[in-house]
Amino acid sequence: MDWLANLPLPNDNFLGIEWNNWKVIGWLGNATFFCRFFVQWYATEKKKQVVVPTAFWWLSLTGSLLLLIYSLRKRDSVFIFAYAFTWIPYVRNLIIHRRHKEAQLTCPACGVHSPPSANYCASCGAKLVL
Ligand SMILES: [Zn+2]
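Heads up: these notes are all about the structure in this document. (Residues numbered from 1 in each chain as written. Predicted model: local features only at pLDDT ≥ 70, side-chain atom pairs only at ≥ 80, totals over all residues. Heavy atoms only, no water.)

1. As for the side chain of threonine 32
As a reminder of what qualifies: Counting from the N terminus, the helices are DSSP H or I runs at least four residues long and the strands are E runs at least two residues long. Only protein chains enter the accessibility calculation, which uses a 1.4 Å probe; a residue is then buried when its area is under 20% of its type maximum, exposed when over 50%, and partly exposed in between. The contact criterion used is simple: two residues touch if any of their non-hydrogen atoms lie within 4.5 Å.
Along the chain, threonine 32 falls in helix H2 (residues 21–47). Looking at threonine 32, the relative accessible area reads 14%, which means it is buried. Threonine 32 has contacts with Leu59, Thr62, Gly63 and Leu66, leaving out every residue within four places of it along the chain.

2. Brief notes about a nonpolar patch on the surface
Just so we agree on the cut-off: Surface patches are defined over residues having more than 30% relative accessible area and no salt bridge, joining like charges when they lie within 9 Å and nonpolar side chains (Val, Leu, Ile, Met, Phe, Trp, Tyr) when within 5 Å. Here the accessible surface of atoms and residues is derived via Shrake-Rupley with a 1.4 Å probe, and residues count as covered only by protein chains that are part of the display. Each reported salt bridge corresponds to a side-chain nitrogen of Lys or Arg within 4 Å of a carboxyl oxygen of Asp or Glu.
Where nonpolar side chains cluster on the molecular surface, the patch consists of Leu65, Phe81, Phe85, Trp87 and Ile88 and spans about 520 Å² of accessible area. Here tryptophan 87 lies in helix H5 (residues 87–103).

3. Description of the nonpolar core
Counted only if it meets this: Nonpolar cores were defined as sets of buried Ala, Val, Leu, Ile, Met, Phe, Trp, Tyr and Cys residues, with membership established by side-chain atoms within 4.5 Å.
Residues Phe33, Phe56, Trp57, Leu61, Leu67, Leu68, Tyr83, Ala84, Tyr90 and Leu94 constitute the largest nonpolar core, which totals 10 residues. Sort the elements by how many residues they give to this core and helix H3 (residues 54–74) lands first, with 5 residues. Ignoring any residue separated from it by four or fewer positions in sequence, one finds leucine 68 in contact with Ile80, Tyr83 and Ala84. Counting residues in hydrophobic clusters, the runner-up holds 5 residues, among them Ala118, Cys121, Ala126 and Leu128.

4. Brief notes about the layout of surface pockets
The condition that has to hold: With a 1 Å grid laid over protein atoms only, a set of points is called a cavity when a 1.4 Å probe fits there but cannot get out and a pocket when it is open yet has protein on both sides within 12 Å along at least five of seven lines; lining residues have an atom within 4 Å of a point. Grid points are joined across faces, edges and corners, and a volume is the space filled by probe spheres set on the points.
Quantified by volume, the largest pocket comes out at close to 350 Å³. Taken together, 14 residues form the lining of the largest pocket, with Val51, Val52, Pro53, His97 and His100 sitting closest to its centre. For the lining of the largest pocket, the elements supplying multiple residues, two or more each, are H2 and H5. Sort the elements by how many residues they give to the lining of the largest pocket and H5 lands first, with 5 residues.

5. Considerations on the coordination of the zinc ion
Operational definition: Here a donor is an N, O or S atom found within 2.8 Å of the metal, or within 3.2 Å if the metal is Na, K or Ca; sites may look incomplete because water is not among the atoms. Tetrahedral means four donors with every angle between 85 and 135 degrees, whereas square planar (four donors) and octahedral (six donors) require angles over 155 degrees between opposite donors and between 65 and 115 for all others; sites fitting neither are termed irregular.
Surrounding the zinc ion are the protein donor atoms Cys107 (SG), Cys110 (SG), Cys121 (SG) and Cys124 (SG), at 2.2 to 2.3 Å. Its 4 donor atoms give the zinc ion angles of 104 to 117 degrees at the centre, a pattern that matches the tetrahedral case. Written as a sequence motif, the donor arrangement for the zinc ion is C-x2-C-x10-C-x2-C. Here cysteine 107, found in the loop between strand S3 (105–106) and strand S4 (113–114), pairs with cysteine 121, found in the segment after S4; they are 14 residues apart in sequence, far enough to count as distant. Exposure class is identical for cysteine 107 and cysteine 121. Each is buried.

Structure follows, in structure tokens:
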């Protein structure tokens with residue numbers, strides 16, 4: 001990765017951390033992984049019920065892959081194992097979410113989407129299944 005070696009850094013020591021381009025990848029992974037908590041918390045507070053938005057799974061996947069790349073570079077078996085398999089449930093949840101979204105019923109009267117099991121539109125009450 002030649003482009004990594006050419007990234008400009010302000011100096012070698014910032015915030016008490018000795019920076020190099022691999023550290024940037026590792027910290028980007030940490031920051032991405034950490035951000036998912038705020039995304040999930042915000043979505044839950046907004047709906048006033050526990051919600052796990054799609055963005056949570058994308059941030060989980062991106063953050064864990066960046067941390068896996070960093071751990072592979074560091075050749076730390078404990079760190080590698082911690083992130084080697086976490087992508088599986090993240091990808092699976094994204095697939096399930098997409099399938100669920102595709103299976104949703106669209107109300108012919110108002111266009112609002114309802115769960116596949118719904119018989120009537122929660123918004124206008126129109127019958128969804130003939
Ligand atoms: Zn409707």
